[in-house]
Amino acid sequence: MKLLVLGPTGGLGRQIIAQSVELGHHVTVLARDPAKLSARHEHLKCMKGNVLRASDVEAALDGQDAVISALGVGSSRRSFNLIEGAMPVIVNAMKRQGVRRLIFTSGISLKLAQVSLPLRLLLRLMLWDQIRDKKAGEEILRDSAIDWTLIYPTILTDGPRTGEYRVGEHLELSGFPKVSRADVADVILKLLTDSESVHRDLVVSS
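What counts and how
- Residues numbered from 1 in each chain as written.
- Predicted model: local features only at pLDDT ≥ 70, side-chain atom pairs only at ≥ 80, totals over all residues.
- Heavy atoms only, no water.
- Core = buried A, V, L, I, M, F, W, Y, C linked by side-chain atoms within 4.5 Å.
- Buried < 20%, exposed > 50% of the residue type's maximum accessible area, 1.4 Å probe, protein only.
- Helix = DSSP H or I, 4+ residues; strand = E, 2+ residues; numbered from the N terminus.
- Contact = heavy atoms within 4.5 Å.
- Lys, Arg positive; Asp, Glu negative; His and termini not counted.
- Salt bridge = Lys/Arg side-chain N within 4 Å of Asp/Glu carboxyl O.
- Polar contact = N/O pair within 3.5 Å; in protein donor to acceptor, adjacent residues only side chain to side chain.
- Pairing = 2+ DSSP bridges.
- Right-handed = clockwise from strand over helix to strand, strands pointing away.
- Axes fitted to C-alpha atoms, helices over the stretch in contact; angles between N-to-C directions.
- Parallel < 35°, antiparallel > 145°, perpendicular 65-115°, else oblique.
- Left-handed = near helix turned anticlockwise from the far one by under 90°.
- Nonpolar A, V, L, I, M, F, W, Y, C, P; charged D, E, K, R; others polar.

Moving on: the nonpolar core. Leu71, Ile90, Phe104 and Leu141 are the most contacted members of the largest nonpolar core, which totals 37 residues. Here the element with the most residues in this core is helix H3 (residues 82–97); it accounts for 9 residues. With near-sequence residues (within four places) excluded, Leu141 lies in contact with Met87, Val91, Leu102, Phe104, Ile146, Trp148 and Leu150.

Here we come to the side chain of Arg101. Mapped onto the secondary structure, Arg101 falls in strand S5 (residues 101–105). Lacking a salt bridge, the buried Arg101 has Asp194 as its closest oppositely charged neighbour, with an N-O distance of 6.5 Å. A polar contact of 2.9 Å, which involves the side chain of Arg101, links it to the side chain of Thr149. A distance of 3.1 Å separates a polar atom in the side chain of Arg101 from the backbone oxygen of Leu192.

Buried residues dominate S5, accounting for 5 of its 5 residues. Side chains of S5 alternate between two faces, with Arg101, Ile103 and Thr105 and Leu102 and Phe104 buried alike. In the sheet, strand S4 (residues 66–69) pairs with S5 via 4 bridges, with the strands oriented parallel. In the strand pairing of S5, Ala66 is matched with Arg101. At this point the chain moves from S4, through H3, to the parallel S5, and the crossover so formed is right-handed. When S5 meets strand S6 (residues 147–153), the two strands line up parallel, connected through 5 bridges. Bridging across to S6, Ile103 finds its partner in Thr149.

Taken together, the 8 strands give an open sheet; going across it, the order is S3-S2-S1-S4-S5-S6-S10-S8, and neighbouring strands pair in mixed fashion. Every other strand in the sheet has two partners, leaving strand S3 (44–48) and strand S8 (166–168) as the edge strands with one partner each. Ignoring which end each strand starts from, the neighbouring axes of this sheet average 20° apart. Inspection of the sheet shows strand S1 (residues 2–6) paired to S4 by 4 bridges, in the parallel sense. Of the residues in S4, the one forming a bridge with Leu3 is Ala66. Of the strands in this sheet, S1, strand S2 (26–31), S3, S4 and S5 touch helix H1 (residues 11–22), which is tilted by about 160° from S2.

What follows concerns the pattern of salt bridges. Applying the stated criterion across every chain, the model contains 13 salt bridges. A salt bridge links Arg132 to Glu84, with the shortest nitrogen-to-oxygen separation between them at 3.5 Å. Separated by 48 residues along the polypeptide, Arg132 in helix H4 (residues 117–142) and Glu84 in helix H3 bring together distant segments of the chain. The exposure class of Arg132 is partly exposed, given its relative accessible area of 34%. For Glu84, a relative accessible area of 32% gives the class partly exposed. When the shortest N-O distance is used, the salt bridge between Asp186 and Arg161 registers 3.9 Å. Residue Asp186 is found in helix H5 (residues 181–191), and its partner Arg161 is found in the loop between strand S7 (155–157) and S8; the two are separated by 25 residues along the sequence. Residue Asp186 is classed as buried on the basis of its relative accessible area, which comes to 11%. One network of salt bridges, in which partners are shared, links Glu22, Arg161, Asp186 and Lys190.

To continue, consider the packing of helix H2 (residues 54–61) against H3. It is at 9 Å that the axes of H2 and H3 come closest, and there the two elements cross at 45°. Considering the angle they form, H2 stands oblique to H3. Crossing angle aside, the handedness with which H2 passes H3 is right-handed. Side by side, H2 and H3 meet where Ala54, Val57, Glu58 and Leu61 of the first sit next to Val89, Ile90, Ala93, Met94, Arg96 and Gln97 of the second. When its residues are assigned to classes, the contact of H2 with H3 shows 7 nonpolar, 1 polar and 2 charged.

Functional significance is not addressed by these values, which are geometric in nature.
Structure (structure tokens):
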């Protein structure tokens, strides 16, 4: 497939890129600072641009089959309204370019009812601004005609790809559940052509 990856310079984005080219996909990434992306491959194309700028996103979408988003603000507690600002740009650009498939990575902070009380309180305290931002962005996506899937990983680690993970709309989670970025990337790439995952919220955890 021809894939556009957004948020390519973070840990999850790097895993998605590495596993995508390993599977033979042709990957385009959109990055504000391409120098931060060390990966090199004959099937990897890096475009300089801003996900908040419609012309940049539309140019990157030209000829793509699907979009994978690993957008995030890193270790910052502030959202900078990234998801709320980027979502209408992405959705409208996809409509104009005729690209329907989008897998968008969110976070377990949007599924607080499924986590333990201590983790719930911690996430609300630390990530309240990101929770607000992601909720606003996801409402825009849900109201669109895009074939979206929302992914909600538990606490992300830099562990290896194990294939030993659980995926579902409702998972039994206790304590401080974790999952490696490598396993989340594996899930995302497997779901690209899975029609049953369209318009579903999927939690991913070990």
